Each structure stands twice: as C-alpha cells, then as structure tokens.
Amino acid sequence: MKTLLLVVATFIATLAFAYDRSADIQPQDMFLFEEISKQLRCPTCQGLSAWESETKFANQIKDIVKEKINAGMTRDEIMEFFTTRYGLWIMRVPPSQGVIGLAWWLPLTLICLCLPLLWYFFWRRKRMLGSDGVRSREVLMKQMQAELEVLRRQ
Amino acid sequence: MTIALADIGYYLVLLCAIISVYGVISALFATRLRHRPLYLSAKMAQTVACVLTIAAAAILWWSFFARDYSFTYIFKNSSNDLPPFYTLTAFWSSLEGSHLLWTLLLSVCATVAAWTHAKDNEHIMPYVSASLQAVLAWMYYLALTHSDPFTRMLPMPNDGQGMNALLQNPYMAIHPPTLFVGYTLLAVPFAYGVAALCYGDITAGWLKTVRRWALLAFCFLTAGVSLGGRWAYVELGWAGYWAWDPVENSSLIPWLFCVCLLHSLLVQDKVGHLKRMSIALAFGAFFFSFFGTFITRSGVISSVHSFAQSPIGGSYLLFLAGLLLAFIVIYYWRAPSILPAEAGKVWGMAKESALLVTQFILLTLVTIVVIGTLFPIVAEAIIGQRISVQAPYFNSFAPYIGLALVVAIAIGNIMRYQRSQLTISKRMLFVALVSALPLALVFASYGKVWHTPAPFALAAQCVGIYFCFASLLVLSVDVMARLSDLRFKLKLFLRRNCGYLGGYVAHIGLLIAVLGFLGNYRALDKSVQLAKGEKTSLFGYDLSFDGAVMRQDNNATIMEGILQVSRAGQQLYSLRPGQSRYPTSQEVFHEIAVRGNFWHDLYVVMTSFKPSDQTATFNIHINPTVKLVWLSIFFMVAGGLLALFDPYRGKS
C-alpha cells in the first residue's frame with residue numbers, strides 16, 4: 001500500500017506542467033499569438049512548432065511571445081527579437097534572401113532547368129524519327145552515307 | 001567454462017561476414033570465368049549466411065525472453081515488467097537490434113531472390129548475388145563493430161532500464177519491421193539493375209522479376225510509412241500524422257522512388273524505352289533507403305557536430321559514398337550498351353509521355369524533400385549557420401505537387417500507348433467532369449468545408465476536392481471503356497487486366513488520401529482548462545469534465561480524465577484521455593482519446609491534471625477526414641497486391 005501511495009504521489013507531482021494557451025493574452029491578440037508561435041520551432045523537439053509542443057522550452061517561448069504582444073510589439077518585431085536572440089534556427093522555415101534563400105530557389109531552379117532537359121532527351125527524338133515510327137528520310141540518308149563512307153575506307 | 005550465448009551470437013555474425021565476403025568473391029570469379037559450380041557455391045554461401053543470421057537473431061530473441069541482462073542491449077531496452085508482446089518487439093526498439101533485424105531481413109530476401117529467379121535470368125544471377133552479398137557483408141561488418149547487439153555487461157543486473165514507453169504501442173511494434181521489409185525488398189531491383197548493367201542487356205525475365213519485387217516493396221513501404229503516421233497520430237499527441245520531419249522524410253523518399261520505378265517499368269514493358277531510367281531509379285530507391293538510415297542514425301540531423309561523436313556515421317558515409325561511386329562508374333561504363341528494345345517507337349503525345357511526366361512530378365517532390373531535409377545539414381557544415389527547415393517549407397510546395405499528380409493521374413489513364421488520339425468517347429469524359437461537381441459539392445457540404453476561415457485554404461480545398469472527384473470519375477470511365485472493349489466479359493477482363501485494375505485501385509487510394517489531406521486545411525483546435533463539472537464546446541460538441549480516475553494497465557499507471565461528450569443535448573460517448581507513467585522512466589506520456597465519425601475525429605489530449613482542485617487542461621482538436629487517409633492505405637496496398645498477383649503477366 002505504501003509503495004502504491006508513493007507511486008501515486010510521484011505520479012501526481014509530475015503532472016503539474018500545465019500550459020494554458022489562452023491565459024495572459026487578450027482574445028483579440030489570440031490570432032496573432034497563434035500565427036507567431038506556429039512559425040517558431042520547439043527547440044527540443046523534431047519537426048514541431050512552439051504552438052503544437054507542450055515542452056518546457058516551447059512553453060517559455062510562447063510566454064515570451066505573449067509578453068511581447070502585450071508590450072505592443074508587431075509581428076515582425078517579435079520575429080526579429082527571436083532571430084537575434086536564438087539565431088535563424090528558431091524560425092521553422094529559412095528566409096528567402098541571401099545564401100540561405102537557396103533552400104527556396106534551388107528546388108525551383110532545378111525544376112525549371114529539368115523541364116527543357118526532359119524535352120531535349122525524350123521528345124526531341126520525335127523530330128529525328130518520323131511520326132509513324134519510321135526514321136525520317138534525311139536521317140536515313142545521312143546514316144547510309146556514313147556507312148558507305150566506312151565501307152569505302154576499308 | 002561455459003560459453004555465453006552472447007559470444008555465440010557474436011561469432012555467428014562474424015562467420016556470416018566471412019562467408020559473405022567469400023560469396024562476393026566467388027560470385028565475381030564465377031562471372032569472370034563463366035564457372036557455374038563457383039556461382040552455386042556463392043549461392044550456397046548466401047543461404048548458409050542467411051541461416052546463421054536467423055540463428056543469431058533467435059539467440060537475441062531468446063535472451064530477451066529469458067531476461068538475460070548480461071546483454072547490454074537487453075539491459076537498456078527491456079525490463080522485468082515488460083509484457084510478452086513488447087518483449088518480442090523490444091528486439092528492434094533501438095539501434096543495434098534494428099540493424100540486426102534489417103540484416104536478417106535483407107539476408108532472407110537475398111536468399112529468396114537467389115533461389116526463385118526466372119529461368120531466363122540465370123545468366124545475370126552471379127552479378128545479382130555478388131551485389132546483394134556485398135551489401136550484406138557491409139551490414140555484418142557494422143553489426144560486428146559499431147552496432148553490436150551482443151556486447152556484454154558484467155556483473156549481470158537484476159532488472160533492465162526498460163523499453164522506451166513511446167514505442168510501447170502496437171503500431172510502433174509493427175511499423176519498423178514493415179518498413180524494413182520494404183527497404184530490403186528494394187535491394188533486389190537494385191541488384192538486378194547492377195546485374196543488367198554488368199551484363200549489358202535487359203531481358204524480358206528481368207522486367208518481370210523486378211516488377212514483382214518493386215510491387216511487393218511498394219506494398220510494404222506504403223504500409224510501413226503510413227503505420228508510422230498512424231503511430232504519431234495516436235501516440236504523440238500533437239494531432240497530426242505527418243510533420244515532414246527528417247525521419248519521416250527519409251522513409252518517404254524510397255517510397256517515391258519505388259512508385260517512380262513502377263511507372264518507369266510500365267513504359268519499359270509497353271514501349272521498350274526508359275530501361276536505363278528504371279535501373280537508375282532502382283538504385284535511387286535502394287540508395288535512399290540507406291541514406292535515410294544514415295541521416296537519422298548518425299546524429300547529423302540534430303547538428304553536424306554531433307555527427308563526429310557517433311562512430312556509426314562515418315561508416316555509413318563511407319559505405320554510401322562507395323555505393324554511389326561504384327554505381328556511377330558501372331553506369332557510366334556500361335549503360336550505353338543498354339538500348340531501347342525497338343528504336344522505332346517514338347515519344348509522342350501518348351501514355352508513355354504521360355508516365356514520364358508523372359515520374360518528373362514524383363522526382364520533383366523527391367528533390368524538394370531531399371533538399372529540405374539536407375539543407376540545414378549542408379548550411380551548417382559550409383557556412384556555419386544553423387537553420388531549420390520544417391513542415392511549413394514542405395507544405396508550401398506539396399499542394400501543387402498533389403494537384404499535379406491528381407491531374408496527371410486522370411490524363412495519363414485515359415491515354416493509350418503509342419497513340420495520340422483519344423479512344424474514350426468525349427461525351428463520357430464530359431459527363432464525368434460535370435458530374436464530379438455535384439459529388440464534390442455533397443462531399444464539401446457533409447465535410448463542412450464552408451467553415452474554413454482562411455480564404456486560400458477554402459479555395460485550395462474546393463479546387464482539390466473537385467479535381468479529386470473528377471479524376472476519380474475519369475478513371476472509372478476508363479475502366480468502363482476497357483470493359484466495353486471486351487463486350488463486358490467480366491471474367492476475361494479480370495483475367496487480362498489484373499495489373500491495370502491494381503493500378504486503378506491504387507490510384508483511387510491516392511485520390512482518397514489527397515481528399516483526406518485536404519481536411520488539414522480546416523482542422524480546429526482549442527486548449528481549455530476545466531474544473532470537475534465544467535463544460536466546454538467545440539464544433540458543436542459539448543464536453544463536460546467528470547473528474548479523473550487512476551488505473552493500471554500492464555506496466556503503466558494511467559491517470560484518466562473522463563469527458564462526457566454530447567451533441568445537441570444528446571449524450572454520445574465518454575472520452576478518456578490520460579497521462580501514463582512507466583516504472584522505468586521519469587517522463588509522463590499522453591494517452592490520447594480519439595473518437596469521431598467518418599467526417600472528422602474528435603481528438604483529445606489531457607496535458608495536465610491538478611489533483612488538489614480536480615482541474616485539468618485539455619487540448620481538443622477536430623481533425624477532418626483523417627479516416628480517409630487511413631482508408632487510402634488499404635486501397636493502395638490492395639492495388640499493389642492485385643497487380644502483384646496478375647496471372648496474365650506471370651506467364652511469359
């Protein structure tokens with residue numbers, strides 16, 4: 001019985017990490033708060049935003065966001081505060097400017113480059129070969145002449 | 001002196017490593033000398049290594065059940081209070097064991113591939129065997145050095161540290177092995193690809209065999225990836241199933257490559273083109289299955305600097321670099337000898353081009369996922385800047401790729417090979433496109449799409465839902481057209497078109513999944529603190545808190561909050577979200593309560609509970625159309641299986 005009580009006591013002790021998202025913030029600022037905390041990462045989890053996470057660190061971040069909103073800071077000011085304090089890392093997506101912006105431009109550039117390549121490697125053949133699947137006369141003539149040339153040399 | 005089981009296990013793996021090296025060398029010599037008995041000895045070596053690996057794995061399993069904590073691995077990953085089912089699955093709950101499991105599966109797969117090949121593949125089998133055993137030899141080497149599950153600790157402790165509580169979930173129990181089976185099945189198309197390159201030609205038998213293995217891999221990967229999503233949904237408590245985190249991405253990339261390979265094989269089968277593309281894709285799928293393990297296991301994800309601390313990372317990197325280099329050399333040297341079957345067949349506005357475009361779209365997604373996953377690592381290594389690339393990045397590309405795929409499915413399916421004219425009646429297509437509109441409207445109104453507050457999200461859903469239904473109907477029109485071509489002889493149709501029907505079912509599965517994903521746009525959530533007897537409401541549901549109870553479930557102690565759910569005054573059911581604790585861990589885990597109907601899930605997490613005044617904080621989520629995502633898995637897997645057991649294609 002004693003051990004059971006002990007288990008229950010320690011169990012209850014660890015339950016006290018409540019986080020109330022709607023506390024300490026005006027209802028009209030709730031939308032801004034949600035928007036900002038969804039763009040900041042939870043520093044100790046993989047792939048979650050501060051909004052979604054309930055860890056201690058994420059809750060601290062949410063508290064800071066609330067504090068800054070209540071102090072009258074705008075969205076951009078709050079973001080700048082976080083990036084100067086924690087680095088770009090705290091943002092869930094990299095900015096699109098500078099070298100880091102490559103994260104956005106690289107896939108887009110690759111896709112744009114690949115489309116002509118795709119055309120070059122595949123559909124280009126249609127012109128080399130006739131539409132009914134037989135090699136066109138010019139190509140055939142060229143090939144035959146090349147082969148004749150080889151034969152002549154021998 | 002008695003010999004410890006752990007030592008036997010270690011020496012079995014060592015023996016396997018030696019045998020595999022022998023197997024590689026003898027298979028290579030067999031190809032060089034055209035010596036059949038030498039190849040047979042390589043094949044036997046592979047079989048013996050497989051049996052020995054099974055024995056080594058059996059030893060580890062046996063010791064788990066015997067609670068032999070003299071194994072460091074067992075000490076770290078199990079405890080006396082672990083239920084039997086999780087004792088079985090604790091085998092792969094950490095690095096060393098899951099590596100052994102992967103090795104075991106790969107070894108079994110390679111052996112099955114060696115014994116069941118088609119007759120006209122016999123000439124390339126030594127190459128297949130050599131490449132598979134080379135990979136296996138490296139796996140054994142890793143199991144001996146950096147990932148040895150048989151290390152011992154003395155004196156033997158009386159109890160273990162316990163299995164990670166997050167992994168004590170039925171989905172997590174079967175998710176890793178399913179995914180591993182998928183990965184290992186991908187090794188066979190890869191080996192056949194290398195063999196075709198080395199031999200310098202592709203035969204009809206090659207295509208049949210690779211198609212089968214790739215289809216089976218597709219089924220397992222689909223099931224594996226989605227089981228992981230299901231686990232995240234019911235266990236982690238953030239109300240989603242896909243967060244685009246590096247671990248998830250690294251399981252998605254091989255899946256995408258595998259799907260791409262299946263489409264490329266189709267072109268190869270029907271038109272004779274894209275042979276080299278198939279080989280490259282088979283390599284890509286295999287390479288990225290290991291690459292994913294590298295980035296998740298080496299610690300490189302959390303920071304480039306933690307990479308140096310884990311010894312396994314260096315080995316993986318070396319292996320991957322070697323693998324890539326070897327493939328590029330072989331490809332560069334040998335690929336020109338692999339030619340299209342009939343050079344006369346050209347690329348026109350026909351189905352083969354549509355399939356190529358599909359592959360382009362899929363590879364676009366691969367590119368985005370790979371860049372997004374690797375960018376933080378590369379940026380930190382090169383310019384020393386730590387950045388995060390998370391879900392919003394991928395989500396800004398994914399909807400367009402999804403839409404492109406939905407449209408490509410419809411267009412590609414009504415086209416025919418080597419024919420630029422439309423064979424389906426235009427009137428039927430028009431009917432399909434028009435009648436998609438009322439269907440989409442019904443779906444939207446039942447799914448309460450109009451409640452979405454953001455205009456972009458609403459527009460995206462409307463467009464997405466319409467295109468999904470249009471695509472679905474166009475696919476069905478195509479089935480009808482094919483049926484009418486055979487004068488509705490259903491038996492003949494089923495016998496002849498199993499592969500096609502498999503594709504149809506799998507594509508329907510994808511469309512259903514997209515419909516399910518669209519629900520994310522209108523998800524709702526609410527965080528609320530309730531005292532006993534208090535009420536809250538969300539999306540028409542009234543939830544009243546009835547206090548909390550404590551109960552014991554196997555080794556877990558669970559504190560459950562009881563929420564009575566009612567709608568419009570009518571009592572529906574009670575939800576019991578909770579928090580659980582395991583004796584071996586200090587952490588508290590969420591026990592999530594999910595109930596709902598076809599259209600949405602009511603998903604409740606109890607994030608805290610204060611016993612002093614009986615108040616609890618709940619996160620309540622409404623997740624629309626998640627059930628469609630789970631439903632789509634069955635369709636996709638069933639489609640894959642249907643195509644796999646195509647009796648018509650089985651006969652050459």
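None of the values given here were measured: they were computed from a predicted structure.

Considering the packing of aromatic side chains
All names here are of chain B.
Part 1 of the argument: This structure, assessed with the given rule, holds 50 aromatic pairs over all chains.
Part 2 of the argument: Relative to Tyr183, the ring of Phe180 has its centre 6.5 Å away and its plane inclined at 40°; by these criteria the two rings are tilted. Placement of both Phe180 and Tyr183 in helix H7 (residues 170-199) is noted, with a separation of 3 residues, approximately one turn of the helix.
Part 3 of the argument: Here Phe180 falls in the buried class, since its relative accessible area comes to 9%.
Part 4 of the argument: The interplanar angle of 85° and the centroid separation of 6.0 Å between the aromatic rings of Trp242 and Trp244 together place this pair among those described as edge-to-face.
Part 5 of the argument: Accessibility expressed as a relative area gives 22% for Trp242, which makes it partly exposed.
Part 6 of the argument: The ring of Tyr500 has Arg482 sitting right over it, with the charged end atom 4.0 Å from the ring centre.

Quick word on the confidence of the model for chain A
Residue and element names in this part refer to chain A.
Part 1 of the argument: When the pLDDT values of chain A are averaged, the result is 77; 75% of them are 70 or greater.
Part 2 of the argument: Here helix H1 (residues 2-14) stands out as the least confident element of chain A, with mean pLDDT 47; helix H4 (residues 75-86) is the most confident, with 90.
Part 3 of the argument: Every residue in residues 1-16 is under pLDDT 50, and counting partners more than four places away or in other chains gives 20 contacts.
Part 4 of the argument: Here residues 129-135 is modelled with pLDDT under 50, and outside its nearest four sequence neighbours on either side it reaches 14 contacts, counting other chains as well.

Quick notes on the sheet that holds strand E1 (residues 524-531) of chain B
All names here are of chain B.
Part 1 of the argument: Pairing is antiparallel across the open sheet formed by 4 strands, whose spatial order is E1-E10-E9-E8. Looking along the sheet, the strands with just one partner apiece sit at the ends: E1 and strand E8 (593-596). Taking the axes of each pair of neighbouring strands and ignoring which way they run, one obtains an average angle of 20° across the sheet.
Part 2 of the argument: As defined by bridge partners, E8 adjoins strand E9 (residues 600-610) across 4 bridges and the pair is classed as antiparallel. If you follow Arg595 over to E9, its bridge partner there is Leu602.

As for the nonpolar core
A general feature of soluble globular proteins is that nonpolar side chains tend to end up buried together.
Part 1 of the argument: If you look at the biggest cluster of nonpolar residues, it comprises 198 residues, and the most contacted ones within it are B:Leu60, B:Phe150, B:Trp206, B:Phe290 and B:Tyr393.
Part 2 of the argument: In this structure, this core is formed jointly by two domains, domain 1 (2-90) and domain 2 (98-153) of chain A, each of which donates at least three residues.
Part 3 of the argument: What B:Tyr393 contacts, discounting residues up to four positions off in sequence, is A:Val93, A:Ala103, A:Trp104, A:Pro107, B:Ile368, B:Ile371 and B:Gly372.
Part 4 of the argument: The next biggest cluster of nonpolar side chains, apart from the first, holds 20 residues, and it includes B:Leu575, B:Leu602, B:Met606 and B:Ile620.

Things to note about the environment of A:Lys66
Part 1 of the argument: As for its placement among the helices and strands, A:Lys66 is situated in helix H3 (residues 56-70).
Part 2 of the argument: Counting along the chain gives 35 residues from A:Lys66 to A:Phe31, while the straight-line C-alpha distance between them is 11 Å.

Some remarks on the side chain of B:His507
Residue and element names in this part refer to chain B.
Part 1 of the argument: Among the structural elements, His507 can be located in helix H19 (residues 498-518).
Part 2 of the argument: For His507, a relative accessible area of 18% gives the class buried.
Part 3 of the argument: What His507 contacts, discounting residues up to four positions off in sequence, is His263, Ile409, Asn413 and Leu475.

Regarding the packing of helix H13 (residues 351-382) of chain B against helix H15 (residues 398-414) of chain B
Residue and element names in this part refer to chain B.
Part 1 of the argument: Contact pair H13 / H15: the axes reach a minimum separation of 9 Å and the direction vectors enclose 165°. As summarised for this structure, H13 and H15 are arranged roughly antiparallel, according to the angle between their axes. The chirality of how H13 crosses H15 is left-handed. For the pair H13 and H15, contact is made by Lys351, Ala354, Thr358, Ile361, Leu362, Thr364, Leu365 and Ile368 and by Ile401, Ala404, Leu405, Ala408, Gly412 and Asn413, respectively.

Regarding the pairing of strand E6 (residues 578-581) of chain B
Regular strands have side chains that alternate between both faces of the sheet.
Residue and element names in this part refer to chain B.
Part 1 of the argument: Side chains Gly578 and Ser580 of E6 all project onto a buried face; the interleaved residues Gln579 and Arg581 project onto the opposite face, where all are buried too.
Part 2 of the argument: When E6 meets strand E7 (residues 588-591), the two strands line up antiparallel, connected through 4 bridges. Within E7, the residue paired with Arg581 across the bridge is Val588.
Part 3 of the argument: Between E6 and the antiparallel strand that follows it, E7, lie 6 residues.

Re the pattern of salt bridges
Residue and element names in this part refer to chain A.
Part 1 of the argument: Evaluated as defined, the whole model comprises 11 salt bridges over all chains.
Part 2 of the argument: The residue Glu34 makes a salt bridge to Lys38 at a minimum N-O spacing of 2.7 Å. Of the two residues, Glu34 and Lys38 are both situated in helix H2 (residues 30-39); the distance of 4 residues between them amounts to about one turn of the helix.
Part 3 of the argument: On the basis of relative accessibility, which here comes to 22%, the residue Glu34 falls in the partly exposed class.
Part 4 of the argument: The partner of Glu149 in a salt bridge is Arg152, and the shortest N-O contact between them spans 3.6 Å. Remark: Arg152 and Glu149 occur in helix H6 (residues 137-153); sequence separation between them is 3 residues, near one turn of the helix.
Part 5 of the argument: In the salt-bridge network here, residues are joined through shared partners; they are Glu35, Arg75 and Asp76.

What counts, and where the lines are drawn
- Residues numbered from 1 in each chain as written.
- Chains lettered and ligands numbered in written order.
- Predicted model: local features only at pLDDT ≥ 70, side-chain atom pairs only at ≥ 80, totals over all residues.
- Heavy atoms only, no water.
- Phe/Tyr/Trp six-rings, centres within 6.5 Å; stacked < 30°, edge-to-face > 60°.
- Helix = DSSP H or I, 4+ residues; strand = E, 2+ residues; numbered from the N terminus.
- Buried < 20%, exposed > 50% of the residue type's maximum accessible area, 1.4 Å probe, protein only.
- Lys NZ or Arg CZ within 6 Å of the ring centre and 35° of its normal.
- pLDDT = per-residue confidence, 0-100.
- Contact = heavy atoms within 4.5 Å.
- Pairing = 2+ DSSP bridges.
- Axes fitted to C-alpha atoms, helices over the stretch in contact; angles between N-to-C directions.
- Core = buried A, V, L, I, M, F, W, Y, C linked by side-chain atoms within 4.5 Å.
- Domains from an automatic or database assignment.
- Parallel < 35°, antiparallel > 145°, perpendicular 65-115°, else oblique.
- Left-handed = near helix turned anticlockwise from the far one by under 90°.
- Salt bridge = Lys/Arg side-chain N within 4 Å of Asp/Glu carboxyl O.

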